[in-house]
Amino acid sequence: MPHVKKSGRIIRPTSANAKLQSYYTVPNNFDEVRPATAAGGLVYNGDRPGHKLQSTKSRQGLTSACWTTRQEDDFGKIDTQVRRLSISGADGIADRQEENAYTTKRTRIQTAQILTGSKIKIEERISLEHLHKLKQSFLEVNKNGTLSLEQFQAVIKNSLGLRGKLNEDQVTALFMKIDSSSEGFIAWDKFCTYMQLEYEEKEDSYLREKEVVFQLPATSHPMPHRENVLRVCNMSDGTFVVVSQDGAISFWNGAMELKRTRSVMVDQNTSRQKPKWITDFILMPQYNKFILGTGDREIQFYELSTFEPYCQISGLETTPLKLAYCATGYDECLIIFGDSEGCINIIIIKGAGETLRTWKKMPKTDGIASVTLEKVAHSPLTKFLRWKVHNDWVAEVRYYDEIRMIISCSNNENTALVIGNTVGSTHVESQLREIREMTKSPDTAERKAKIAQQNYAQARRHLDNDQLVFRIHKGVKTFDFSKKKNVIVTGGMDRIVRIWNPYVPVKPTGMLRGHNAPITGLFIATDEDRIFSISQDKTVKVWDIKDQACMLTVRPKSHKIRGDIQACHYNSVVKCLAVATSTDQMAFLGLKIKVQMHADIAITHKEPVLCAKYNSSFQHIVTCSEGSVVKLWDFETGNAVFEFSQAHDDQAITCMTFDVSGRRLITGGRDGRLKVWNYNNGHCLKRLERFEGFEEVSDVVYVEMNKNRFVLSVGWDRRINMYSDSMDDFRHVQNPLPKWTDDVKNGHREDILSVAACAPSLLATSSYDGEVIVWNLVSGHIYCHLFSPPDSEYDHQQLDGDNSIRKLVFLCSRVSDKFSAQLVASGPRGCIHFWNVYNGGILHSKFQVNKKQCPLSFLVVSSDNKKLLSGDAQGFVNTYNIEGYCDGVKESDPPETLASWRAHVESITCMDLVEGSDVVITSSNDCTVRLWTTGGHYIGTLGQTETWDIYNPSTYIHPMVPYDVLVDPLSMPSHPVLNTKSSTEDVIRADSEDGDSLNGTSSTDEAEVTSMSFNSRFTFHYDDTMIANELKTKPFDNSCGKRLRHERLKVNPKDRGGQNAYQQLKCFNLDDTPPITHPIKNKDKMQDPLGFPF
């Protein structure tokens, strides 16, 4: 099995896996996610020798013209390329002074931010040196090694040199995070534990974010090739192209299915005693052709669509072993091939279309138009160059138009990898010498020119300033280059993957060890920051470019690829690695791609969000999802702060609350357990479990009573579970206290959905059957049972879900008033109920929230009990003014509606009110958590790319609304016409009556109208006059039939080339039909066809 670090299970029993998305100062700065205390082998070190500038001697003669790049290249952009492995000495520095100035300005801003502490957290600035100072300070201030808040502030400020009120607030927040139990002091061991756990979770999160997984085992299909496969490449649409030595070419689609096969050497080999072999293959997509190199020293061109031979270049000096092609401009291209003598041959074509047509008209040889290399070299539209580059066969050659250079490799150590120019530099002195000779003696100059033309195929050597030579032990078998990442990756017989700066050939910037056999394939996936390598023993490794570390190893026992590797290729379009083996099998290793849900809409979690709460102690928004993921968000900006997963294993988190100090998070899940967290570092402090049964926990509340603290939970076990929260209890797993007697005898008979507490002694619970029970929190006795009287027109159905009460809230300011409503319930039957819990329970008010009778899912009330907010199953939010409502008297009318808007397209699962900023937080099953003003103005969605300033309304998204809400039909505003319920027959009848009134006919002249009722919902009215008038109009003459109208209005599909849908249909052979069995004659019956006996 591949060696992958499993992130699904908790390694440490008291902590969950976490992910950090810290504050950033540079957009898209991926490295800021990585903690500063990560392992040294995985972190970029700017002081490495390979990262230094090239020496003056090695860069002697290197001209800037040699490395000139295009203006549209993004080489110098710091924002998109965070980590440069080194600095180029002559890469357009003069042309990028403005960008350098911009970078300097940003660096100053970042430095200022660090000094003021506006972005970087305190714990992220602590280095190893600071830790030594802090340890000494802990021991000097107090012999016991414990510090109070004031002492901790002084120690941190002195050790880190911090100043300012903002830094003081951050130190206080750090103290509160460490002192999660609110003891008022912290010890050195506790401080180190917090820091270690936080950075361990950050490192695990960083690696988990980069995790890569193959679909194992590999998908293998038999190949139509009978000879060795030379090359595997892909077209722009992701189609794989496989070529073998006998000229067989096969095409495989992205689904790893064989589309077609064709052999191009059949006609040429019919008249030959020995077959013609192919040496290499390359696509020429701009001209719909492909190029083949043959063992007869030819370069042949074929039509890609028909596989017909087009033309060929014959008479080459050596056999073309490796081919390369690149379109350099409009109607311009380069054809490059490396040979067995270590030479790089270049054919520069200007006017490629006209040149190919000219070659097509040449005399044919073996059925294909042929042009000699000499004519190509002396043609005005073509130019032939030959450079002596390597001391051994050319193993690979490629041209990169981004740097306008040729990169080639060989197995020779002294010329293992060479980056060379195409044309070469101009030698000014030799040109002046030729001009002088032509002026003095034209005959001599003409004779030298003829000799030069005759020696067109003579190999020349590059000048020192026209090439860079990389000397590598045992040479290079394969390589790849990425302009965006500015790296070259090489591999060969020494089994080491080397990462190079293309401008520094002295020493590699990284050496990746791990393969046990020579490396045969290397591919850079620029978008994923990965390197794929495969060795001769069929071991596949995936490396991270930034960390220079192995992310995944897949061995032959896992992918089950059989045979020796002949060719391999990574297709970046379909994210798949194709391997051709000697067993005539084509194997495909595809990456498991994470599906991007809601691509057009910003989402907070990948799963439905069930909880969202605001923490005023740290100004965080904590969200929990159905995938057992807890995320922390900065309330002021909306940035992600921290994340930890697998909080309740794979079970959903259904509820959560904070303790009195706001430093600990308490979550309940579908696994029936409660967990207490220091959520700032993902450390599980306690587990609260029942003795038996693990039914789902529906709601949880934290109460403080007589200086004692308790955690109360309710759920599908239909009982109230109370857990003591004492600092003296050091047990990690804690069981509930004994249950109340009234709860066991007279408690709920159905699942409990909600619980609410009110000081000093009130507790209320609601269940699925619509029952509300009010309890005495001190004694555990029942105050009263509350049942809402059903409407007279309501058809009651037992446990249909309409009676459920999903949320209860207390109006705590009215608890002492015996004649007012103290409890608000979100049901049953989609109505808000105001209850007086005294005197046996009295219903003070009941009103419908919306006309659609949609179930209410959540309620939240302001601390002064003046505002009530409700959310329903259709995503609507309503705000009511309840100041003085049901205050001593019963109310028959609903309270004043302050605002109403639609926040989500699916059911609202949780709401919270941030009163200091007048902000409403809503979460929903649509995987989003959104922020709104109390007036319904849209602020933003947690997880969106744009940040906001909660104190600056101009940064809000208002007046726009979420796109999914905008396009949903239920978001259409109410209108009298839309609210009128009328059937289609009523509309037709009204139109006919309007037409009759215009024609002068009255209702007295009409025949008696006959009505026929097919059911109780629709009634059709007709008479003879209506039928006669309809026939007179002859509507069938002015229109066409339904089928004809459909044919006229249907949209014809656009022809985008390639095979149509009919050609892509799969064909299967039909099985032979079984023979018909004759009936068995019954001797006891006569020959009656029906078989009845006489």
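Residues numbered from 1 in each chain as written. Predicted model: local features only at pLDDT ≥ 70, side-chain atom pairs only at ≥ 80, totals over all residues. Heavy atoms only, no water.

### Here we look at the overall build of the chain
Then, in step 1: Scanning the chain from N- to C-terminus turns up 18 helices and 64 strands.
Then, in step 2: For the chain, long-range pairs separated by at least 24 residues make up 53% of all intrachain contacts whose partners lie at least 6 apart in sequence.
Then, in step 3: Of the accessible surface of the chain, which amounts to about 56,300 Å², a share of 51% is contributed by carbon and sulfur atoms. (Helix = DSSP H or I, 4+ residues; strand = E, 2+ residues; numbered from the N terminus. Contact = heavy atoms within 4.5 Å. Areas by Shrake-Rupley, 256 points an atom, 1.4 Å probe, with all protein chains shown as cover.)

### Points about the sheet that holds strand β21 (residues 417-420)
Then, in step 1: As summarised here, the arrangement of the four strands in space is β19-β20-β21-β23, forming an open sheet in which the pairing is antiparallel. The open sheet has two edge strands with one neighbour each: β19 (394-400) and β23 (467-470). Neighbour to neighbour, the strand axes of the sheet diverge by 15° on average, direction disregarded.
Then, in step 2: The pairing of strand β20 (residues 405-410) with β21 spans four bridges and is classified as antiparallel. Note that in β21 the partner of Ile406 across the bridge is Gly420. (Pairing = 2+ DSSP bridges. Axes fitted to C-alpha atoms, helices over the stretch in contact; angles between N-to-C directions.)

### Here we look at the nonpolar core
Then, in step 1: Membership of the largest hydrophobic core comes to 26 residues, with the highest contact counts inside it found for Ile291, Phe301, Ile313 and Trp359.
Then, in step 2: With residues near it in sequence (within four places) discarded, Trp359 still touches Phe301, Cys311, Ile313, Ile349, Ala369, Val371, Val376 and Thr382. (Core = buried A, V, L, I, M, F, W, Y, C linked by side-chain atoms within 4.5 Å. Buried < 20%, exposed > 50% of the residue type's maximum accessible area, 1.4 Å probe, protein only.)

### Some points on a nonpolar patch on the surface
Then, in step 1: Where nonpolar side chains cluster on the molecular surface, the patch consists of Val961, Tyr963, Leu966 and Val967 and spans about 410 Å² of accessible area.
Then, in step 2: Within the fold, Leu966 resides in helix α14 (residues 963-967). (Patch = residues over 30% accessible without salt bridge, like charges linked within 9 Å, V, L, I, M, F, W, Y side chains within 5 Å. Salt bridge = Lys/Arg side-chain N within 4 Å of Asp/Glu carboxyl O.)

### Things to note about the sheet that holds strand β55 (residues 856-861)
Then, in step 1: Overall, antiparallel pairing links the four strands, which are arranged β55-β56-β57-β58 in an open sheet. Looking at the sheet topology across the chains shown, the edges are occupied by β55 and β58 (896-902). Adjacent strand axes in the sheet meet at a mean angle of 15° when their direction is disregarded.
Then, in step 2: Two strands pair when backbone bridges link them, and strand β57 (residues 876-881) and β58 are joined in this way by six bridges, in the antiparallel orientation. By the bridge assignment for β58, Thr879 is matched with Ala899.

### Some remarks on the pattern of salt bridges
Then, in step 1: By the definition in use, this model includes 26 salt bridges.
Then, in step 2: Here Glu696 and Arg670 are joined by a salt bridge, their closest N and O atoms 3.7 Å apart. Here Arg670 lies in the loop between β40 (665-669) and β41 (674-678) and Glu696 lies in the loop between β42 (683-688) and β43 (697-705), a separation of 26 residues in the sequence.
Then, in step 3: On the basis of relative accessible area, Glu696 is assigned to the buried category, the value being 15%.
Then, in step 4: Of the residues examined, Arg670 reaches a relative accessible area of 33% and is grouped as partly exposed.
Then, in step 5: As a salt-bridge pair, Arg690 and Asp717 come within 3.6 Å of each other at their nearest N and O atoms. With Arg690 in the loop between β42 and β43 and Asp717 in the loop between β44 (708-715) and β45 (721-724), the pair connects residues that are 27 residues apart, well separated along the chain.
Then, in step 6: Here Asp717 falls in the buried class, since its relative accessible area comes to 18%.
Then, in step 7: Among the charged side chains, a network of salt bridges with common partners joins Asp339, Glu341 and Arg386.

### Concerning the side chain of Arg664
Then, in step 1: Here Arg664 shows up in the loop between β39 (653-658) and β40.
Then, in step 2: The exposure class assigned to Arg664 is buried, which follows from its relative accessible area of 6%.
Then, in step 3: One polar contact links Arg664 to Asp659, side chain to side chain, over a distance of 2.9 Å.
Then, in step 4: Only 2.5 Å separates the side chain of Arg664 from the side chain of Asp725, close enough to count as a polar contact. (Polar contact = N/O pair within 3.5 Å; in protein donor to acceptor, adjacent residues only side chain to side chain.)

### A word on the environment of Trp387
Then, in step 1: Relative to the assigned elements, Trp387 resides in strand β18 (residues 382-388).
Then, in step 2: The sequence separation of Trp387 and Gly424 amounts to 37 residues, and the corresponding C-alpha distance is 9.6 Å.
Then, in step 3: Setting aside its immediate chain neighbours within four residues, Trp387 contacts Gly342, Cys343, Ile344, Ile346, Asn421, Thr422, Val423, Gly424, Arg460, Arg461 and His462.

### Points about the packing of helix α3 (residues 128-141) against helix α4 (residues 149-160)
Then, in step 1: In the contact formed by α3 and α4, the axes pass within 10 Å of each other and the chain directions differ by 145°. Where α3 crosses over α4, the handedness of that crossing is right-handed. Taking contact as the criterion, the partners of His130, Lys133, Leu134, Ser137, Phe138 and Val141 in α3 are, on α4, Gln151, Phe152, Val155, Ile156, Ser159 and Leu160.
Then, in step 2: Residue composition of the contact of α3 with α4, grouped by class: seven nonpolar, four polar and one charged. (Left-handed = near helix turned anticlockwise from the far one by under 90°. Nonpolar A, V, L, I, M, F, W, Y, C, P; charged D, E, K, R; others polar.)

### Quick look at the packing of aromatic side chains
Then, in step 1: For the structure on display, the rule yields 24 aromatic pairs.
Then, in step 2: Relative to Phe290, the ring of Phe281 has its centre 5.5 Å away and its plane inclined at 40°; by these criteria the two rings are tilted.
Then, in step 3: Its relative accessible area of 1% is what places Phe281 among the buried residues.
Then, in step 4: With a relative accessible area of 1%, Phe290 lands in the buried category.
Then, in step 5: An aromatic cluster is present here, built from Phe251, Phe281, Phe290, Tyr302 and Phe307 joined pairwise through their rings.
Then, in step 6: Looking at Arg260, its charged tip hangs above the ring of Phe251, at a distance of 4.6 Å from the centre. (Phe/Tyr/Trp six-rings, centres within 6.5 Å; stacked < 30°, edge-to-face > 60°. Lys NZ or Arg CZ within 6 Å of the ring centre and 35° of its normal.)

### Observations concerning the environment of Asp912
Then, in step 1: Within the secondary structure, Asp912 is located in strand β59 (residues 908-914).
Then, in step 2: Taking the relative accessible area as the measure of exposure, Asp912 reaches 14% and is therefore buried.
Then, in step 3: Each C-alpha atom, one on Asp912 and one on Ser862, is 9.5 Å from the other, the two residues being 50 residues apart in sequence.
Then, in step 4: Those residues in contact with Asp912 that lie beyond four places of it in its chain are Ala612, Lys613, Tyr614, Val860, Val919, Val920 and Ile921.
Then, in step 5: From its side chain, Asp912 meets the backbone nitrogen of Tyr614 in a polar contact 2.8 Å long.

### A word on the pairing of strand β48 (residues 762-767)
Then, in step 1: Of all six residues in β48, six are buried, a share of seventy percent or more.
Then, in step 2: Neither face of β48 is open: one carries Leu762, Ala764 and Ser766, the other Leu763, Thr765 and Ser767, and all of them are buried.
Then, in step 3: Between strand β47 (residues 752-758) and β48, which follow one another and run antiparallel, lie three residues.
Then, in step 4: In this sheet, strand β49 (residues 772-776) lies alongside β48 in antiparallel orientation, the contact comprising five bridges. In the sheet register, Ser766 faces β49, and the bridge partner there is Val772.
Then, in step 5: In this antiparallel pair of consecutive strands, β48 and β49, the connection spans four residues, and Gly770 shows a positive phi of 90°.

### Focus: the side chain of Lys675
Then, in step 1: Within the secondary structure, Lys675 sits in strand β41.
Then, in step 2: In this structure Lys675 is buried but unpaired, with Asp649 as the nearest side chain of opposite charge at 5.0 Å.
Then, in step 3: A distance of 2.8 Å separates a polar atom in the side chain of Lys675 from the backbone oxygen of Ala647.
Then, in step 4: Discounting residues that sit within four places of it in the chain, Lys675 has contacts with Ala647, His648, Leu665, Ile666, Thr667, Cys684, Lys686 and Arg687. (Lys, Arg positive; Asp, Glu negative; His and termini not counted.)

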